[in-house]
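Coordinates in review
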Amino acid sequence: MSERIPLKKVFHFDTEGTLQPPGPLGRLLRLLLGLVLVNFVYEWLFFIDSSDYLNPRILVWIAFSIYLAPYVINIGFGINSGAGSRYGLVLVWVLAGIVGFVVEGNVRSELGRKNGVEDGG
């Protein structure tokens, strides 16, 4: 049976300059993936309705973002928080649900849409 390795032991950073920088293809791929993710976050903030959270495609993206959070944050910022960033992301979502419940009486609230975010003002 395989032993599970904690994320704190997964991340170890080599000294600066020891890795070769990505070439043009690697940079282009990173740029394209970044644009796809920025577009998804934009759509998520401004176009996704709370009823869309029942859509399996949206749920897969949410699960994928929770899974990748430690890798993006730890590698992107050069820190070693282990899975703490994943728990932080889930905590922010839970707090947003609590605020929505307190304000509107529903965890899946749409505060931004009622305040005019959807139509630009």
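Bear in mind that the values here come from a model prediction, so they are computed numbers and not experimental data. (Residues numbered from 1 in each chain as written. Predicted model: local features only at pLDDT ≥ 70, side-chain atom pairs only at ≥ 80, totals over all residues. Heavy atoms only, no water.)

Quick word on the environment of Trp 61
When you line up the elements, Trp 61 lands in helix H3 (residues 56-77). Separated by 21 residues in the primary sequence, Trp 61 and Phe 40 have C-alpha atoms spaced 9.0 Å apart. Residues in contact with Trp 61, not counting those within four places in the same chain, are Leu 37 and Phe 40. (Helix = DSSP H or I, 4+ residues; strand = E, 2+ residues; numbered from the N terminus. Contact = heavy atoms within 4.5 Å.)

Let's talk about the side chain of Ser 85
As for its position among the elements, Ser 85 is in helix H4 (residues 84-104). On the basis of relative accessible area, Ser 85 is assigned to the buried category, the value being 11%. Excluding residues within four positions of it along the chain, Ser 85 makes contact with Ala 69, Pro 70 and Ile 73. (Buried < 20%, exposed > 50% of the residue type's maximum accessible area, 1.4 Å probe, protein only.)

Thoughts on H3
Residues separated by three or four positions in an α-helix point in the same direction, a consequence of the helix having 3.6 residues per turn. With 22 residues, H3 extends 31 Å between its outermost C-alpha atoms, agreeing within 8% with the 32 Å of an ideal straight helix rising 1.5 Å per residue. Of all bends in H3, the biggest is about 45 degrees, found at Leu 68, and the proline Pro 70 comes one to four residues later. Its side-chain oxygen at 2.9 Å from the backbone nitrogen of Arg 57, Asn 55 defines the N-terminal cap of H3. Phi turns positive one or two residues past the end of H3, at Gly 78, with a value near 70 degrees. (Expected span 1.5 Å × (residues − 1). Bend = angle between axes of the 7 residues up to and from the residue. Polar contact = N/O pair within 3.5 Å; in protein donor to acceptor, adjacent residues only side chain to side chain.)

Observations regarding the environment of Leu 89
On the secondary structure map, Leu 89 appears in helix H4. Judged by relative accessible area, which is 24%, Leu 89 ranks as partly exposed. For the pair Leu 89 and Ala 69, spaced 20 residues apart in sequence, the C-alpha separation works out to 7.6 Å. For Leu 89, the contacting residues outside a window of four places in its chain are Ser 65, Ile 66 and Ala 69.

What to know about H4
Here H4 contains 21 residues, and its C-alpha end-to-end distance of 30 Å stays within 8% of the 30 Å for a straight helix at 1.5 Å per residue. Listed as buried for H4 are Ser 85, Arg 86, Gly 97 and Gly 100. Buried residues along H4 cover an arc of 130 degrees about the axis, so they all sit on one side. Exposed residues pointing more than 90 degrees away from the buried face of H4 are listed as Tyr 87, Val 102 and Val 103. Phi turns positive one or two residues past the end of H4, at Gly 105, with a value near 80 degrees. (Arc of directions from axis to C-beta.)

Section: the packing of H3 against H4
The contact between H3 and H4 brings their axes to 8 Å, and the two run at 135 degrees. Between H3 and H4, the crossing angle belongs to the class labelled oblique. Note on packing geometry: the crossing formed by H3 with H4 is right-handed. Residues Ile 62, Ser 65, Ile 66, Tyr 67, Ala 69, Pro 70, Tyr 71 and Ile 73 of H3 pack against Ser 85, Arg 86, Leu 89, Val 90 and Trp 93 of H4. (Axes fitted to C-alpha atoms, helices over the stretch in contact; angles between N-to-C directions. Parallel < 35°, antiparallel > 145°, perpendicular 65-115°, else oblique. Left-handed = near helix turned anticlockwise from the far one by under 90°.)

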